[in-house]
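A structural walkthrough
In case you want the letters, here they are:
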Amino acid sequence: MSKKNSKNKAGSSTIALNRAARHEYFIEEKVEAGLALQGWEVKSLRAGKANISEAYVIFLQGEAFLFGASFLPLNAASSHVVCDPTRTRKLLLSRREIDRLESLTARQGYTIVPLSLYWKQCWVKVEIGLVKGKKEHDKREDTKAREWDREKSRIMKNKRLG
């Protein structure tokens with residue numbers, strides 16, 4: 001069996017999704033970043049105990065950090081390690097990416113939020129999005145468009161069957 005056939009499906013490597021971000025923001029751009037983790041965090045991620053729905057990215061002293069993400073420690077974690085579930089974690093990005101993202105957030109009013117957390121081979125990656133907030137009327141328009149697409153697909157399905 002070749003390596004391509006034995007590869008995990010894309011959905012199975014996902015650890016956590018931020019579904020609310022797609023509803024609350026216009027996503028302008030997506031960037032993949034690495035995440036600096038401690039050993040107990042990797043174990044809890046393998047168990048799927050992560051929440052990134054309230055998280056966002058901050059810039060301090062020329063570095064990017066994931067703030068507000070919660071990785072719950074396992075009950076069997078070692079007793080000599082102090083587990084802080086909501087600690088600020090460093091994002092691993094190139095200097096050029098950090099400078100560009102930091103300037104966009106400072107000048108043009110963008111926000112950077114995590115969209116998904118997933119495994120890429122043996123590394124944990126976070127997909128961050130450069131986003132702008134939606135107003136209430138924008139959310140209503142998106143809901144109407146989504147409902148119309150659903151209705152359209154039902155009509156087309158019934159026409160094919162009938």
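Scroll up a little and you will see the structure.
Residue positions are given per chain, counted from 1 along the sequence in the order it is written. Owing to the predicted nature of the model, reporting of local features is limited to residues with pLDDT of at least 70; listing and counting of side-chain atom pairs is limited to 80 or more, with chain, interface and lining totals taken over all residues. In computing side-chain properties, one takes all heavy atoms of the structure into account and sets aside hydrogens as well as water.

1. Some words on helix α3 (residues 95-107)
The test is simple: Runs of E in the DSSP output that reach at least two residues are strands. Runs of H or I that reach at least four are helices, and both are numbered from the N terminus. By this rule, a helix spans an expected 1.5 Å times one less than how many residues it contains. Three exposure classes are used, based on accessible area relative to the maximum for each residue type with a 1.4 Å probe and protein chains only: buried under 20%, partly exposed in between, and exposed over 50%. Directions from the helix axis toward the C-beta atoms define the arc. Note on definitions: a residue-residue contact is assigned when non-hydrogen atoms from the two residues lie within 4.5 Å.
The end-to-end C-alpha separation of α3 is 18 Å, in line with the 18 Å expected for 13 residues at 1.5 Å each. Along α3, the residues that are buried comprise Ile98, Leu101 and Leu104. End-on view of α3: buried residues confined to an arc of 135°, all on one side of the axis. Facing away from the buried side of α3, by more than 90 degrees, are the exposed residues Arg96, Ala106 and Arg107. Looking at the buried side of α3, the elements it contacts are β4 (56-60), β5 (63-67), β8 (111-120) and β9 (123-133). After α3 finishes, the residue glycine 109 shows a positive phi value of roughly 75°.

2. Structural notes on the packing of aromatic side chains
The test is simple: Within 6.5 Å between ring centres, the rings of Phe, Tyr and Trp (the latter by its six-membered ring) count as paired, and their orientation is classed by plane angle as stacked under 30 degrees, edge-to-face over 60, tilted in between. Here, over-ring charges are defined by two tests on the NZ atom of lysine or the CZ atom of arginine: distance to the ring centre within 6 Å, and angle to the ring normal within 35 degrees.
In total, this model carries 1 aromatic pair according to the counting rule given. The ring of tryptophan 119 has arginine 46 sitting right over it, with the charged end atom 4.4 Å from the ring centre. Over the ring of tyrosine 110 we find lysine 132, and its NZ or CZ is 5.0 Å from the ring centre.

3. Examining the pattern of salt bridges
So the rule is basically this: In the sections that follow, a salt bridge refers to a side-chain nitrogen of Lys or Arg positioned within 4 Å of a carboxyl oxygen of Asp or Glu.
A full pass over the atoms with the stated rule returns 8 salt bridges. In this structure, glutamate 41 engages arginine 89 in a salt bridge whose closest nitrogen and oxygen atoms are separated by 2.8 Å. Taken together, the residues glutamate 41 in helix α2 (residues 39-46) and arginine 89 in strand β7 (residues 89-92) connect sequence positions 48 residues apart. Relative accessible area serves as the criterion here: at 0%, glutamate 41 is assigned to the buried category.

4. Some remarks on unusual backbone geometry
The phi torsion at glutamine 61 lies on the positive side, around 50°, for a residue other than glycine. Mapped onto the fold, glutamine 61 is located in the loop between β4 and β5. Of note, the phi angle at glutamine 121 is positive, near 60°, even though the residue is not glycine. Here glutamine 121 shows up in the loop between β8 and β9.

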